[in-house]
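# Structural description and commentary
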Amino acid sequence: MNKKTIEALDTILKRVEKIDEDLLKDNIISDIKLMTELNKERSTLEDKANKYLEYKKVLTELDDAKDVLTNEKDPEMRELAKMQLEEAQTQIEKLEDEIQLLLLPRDPNDDKNVIFEIRGAAGGDEANIFAGDLFRMYTKYAEKNNWKIDILDQYESTAGGFSQISFMVKGDGVYSKMKYESGSHRVQRVPKTESKGRIQTSTATVAVLPEISDVEIDIKPSDLRIDTYRASGAGGQHINTTDSAVRITHIPTGIVSSSQDGRSQHDNKDKAMTMLRARIYESLLEKQQSEAASLRKNAVGTGARSEKIRTYNYAQNRVTDHRVNVSLNKLDQFMEGNIDEIIVELINEAQKQLIADQIENAS
């Protein structure tokens, strides 16, 4: 490992040792808030510190083996030292890789719930039907992970599927897995609406936004225009009963969100505000990214809705992710929510890119 990495690890180890000392002090034991903060900080550093201690232990074993090979005359002792040297070298390489991963900058949004927005794009009715297929796929995946789905807004298509559907996925580490799903998804198949059996290419766009609290995005009430109206069309659960649907416009940015699937006007307002905060956050993030290089602009794409990320070929039962150039001939299983294989590839590729960036910055 390079000098900068060693210095960073030494700093982490010293900090953990200092926290352990502080946690034994009476004035800190009596301060519950400070105790909680210190324990929380320690938990974020513990894995790195322990892995570094393990690394230092193996380095000592490596030096001891080298010392034996240099000074020992006994053939058996030298052979044993040679085996220990090879084992230590293998361990060191493994530990260095593990430490690099632990030191990667963590996305502060990784533990957050997410808001999905799926829209039928190019392809008319078939694009809307495909948007519905994607929604079902993500629902199945959420079930496998024990995540909860809450529909925020939906506009069903007369031919099936959705022209647009927005929903929240709640659970542990949702954003860390789902953030790479943003982009344009392309389907190649014979549509249900095609009488001559011709394969058609259609697209649906997916946006994955972290749930943003009102503390993270300060929205002034005076900057909002709130309209209520009667839910109408497919998807409204309370059609023609009360003016329960809500549309909120953020006047400074022109960003709009709406909800009509809640149980009441109050419920719809909460859902619309949740979406509005996420969309404003997305807008701010895109502005920052256009002004400077961003971690999101890496080997797994920009996250833009227009970026083609994946093709679903039904005739060949194949799904291809273009960012990592991975194809799986089990589209039928993929559409049942078995998408981890590609998600793992995307996470690994993102980690490789971050490590490469760190090495470049350190050199």
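Above this text you will find the structure in question.
A brief structural summary. Note that the coordinates shown come from a computational prediction; the quantities given were computed from them, not determined experimentally.

Take the packing of helix 1 (residues 3–22) against helix 3 (residues 32–71) next. Put simply, helix 1 and helix 3 touch, their axes get as near as 8 Å, and they point 130° apart. Comparing the axis directions of helix 1 and helix 3 gives the class oblique. Regarding helix 1 and helix 3, the two cross each other, and that crossing is left-handed. Contact with helix 1, carried on its side by Ile6, Leu9, Asp10, Ile12, Leu13, Arg15, Val16, Ile19, Asp20 and Asp22, involves Leu38, Glu41, Arg42, Leu45, Lys48, Ala49, Tyr52, Leu53, Tyr55 and Lys56 of helix 3 and no other residues of that element. Residue classes in the contact of helix 1 with helix 3 are distributed as twelve nonpolar, no polar and eight charged.

Along the polypeptide, Gln188 turns up in strand 4 (residues 183–189). For Gln188, a relative accessible area of 18% translates into the label buried. One polar contact links Gln188 to Asn313, side chain to side chain, over a distance of 3.0 Å. Not counting residues up to four positions away in its chain, the partners in contact with Gln188 are Ile199, Gln200, Thr201, Thr311, Tyr312, Asn313, Tyr314 and Ala315.

With that settled, the discussion passes to the sheet that holds strand 5 (residues 200–210). Spatial ordering of the open sheet is given by 2-3-1-5-4-9-10-11, a layout of eight strands whose pairing is mixed. Each edge of the open sheet carries a strand with a single partner, namely strand 2 (148–156) and strand 11 (326–328). For this sheet the average axis-to-axis angle between neighbouring strands, irrespective of direction, equals 15°. Bridge analysis of strand 9 (residues 308–313) against strand 10 (residues 318–321) gives four bridges, and the strand direction is antiparallel. Note on strand 10: the bridge partner recorded for Thr311 is Thr320. Of the strands in this sheet, strand 1 (114–120), strand 2, strand 3 (162–170), strand 4, strand 5 and strand 9 touch helix 5 (residues 125–144), which is tilted by about 45° from strand 5.

Membership of the largest hydrophobic core comes to 37 residues, with the highest contact counts inside it found for Phe116, Ile118, Leu134, Tyr138, Met178, Tyr312 and Phe334. Those elements that place two or more of their residues in this core are strand 1, helix 5, strand 3, helix 6 (174–178), strand 5, strand 11, helix 8 (331–334) and helix 9 (340–362). When residues of this core are assigned to their parent elements, the largest contribution, eight residues, is made by helix 5. For Met178, the contacting residues outside a window of four places in its chain are Phe116, Tyr138, Tyr141, Trp147, Val208, Ile339 and Ile343.

The next subject is the pairing of strand 8 (residues 255–259). By the criterion of burial, strand 8 is predominantly enclosed, with four of the five residues buried. Summarising the sheet, strand 7 (residues 245–250) and strand 8 pair through five bridges and their orientation is antiparallel. Along strand 8, the bridge assignment pairs His250 with Ile255.

Criteria and thresholds
Residues numbered from 1 in each chain as written. Predicted model: local features only at pLDDT ≥ 70, side-chain atom pairs only at ≥ 80, totals over all residues. Heavy atoms only, no water. Axes fitted to C-alpha atoms, helices over the stretch in contact; angles between N-to-C directions. Helix = DSSP H or I, 4+ residues; strand = E, 2+ residues; numbered from the N terminus. Parallel < 35°, antiparallel > 145°, perpendicular 65-115°, else oblique. Left-handed = near helix turned anticlockwise from the far one by under 90°. Contact = heavy atoms within 4.5 Å. Nonpolar A, V, L, I, M, F, W, Y, C, P; charged D, E, K, R; others polar. Buried < 20%, exposed > 50% of the residue type's maximum accessible area, 1.4 Å probe, protein only. Polar contact = N/O pair within 3.5 Å; in protein donor to acceptor, adjacent residues only side chain to side chain. Pairing = 2+ DSSP bridges. Core = buried A, V, L, I, M, F, W, Y, C linked by side-chain atoms within 4.5 Å.

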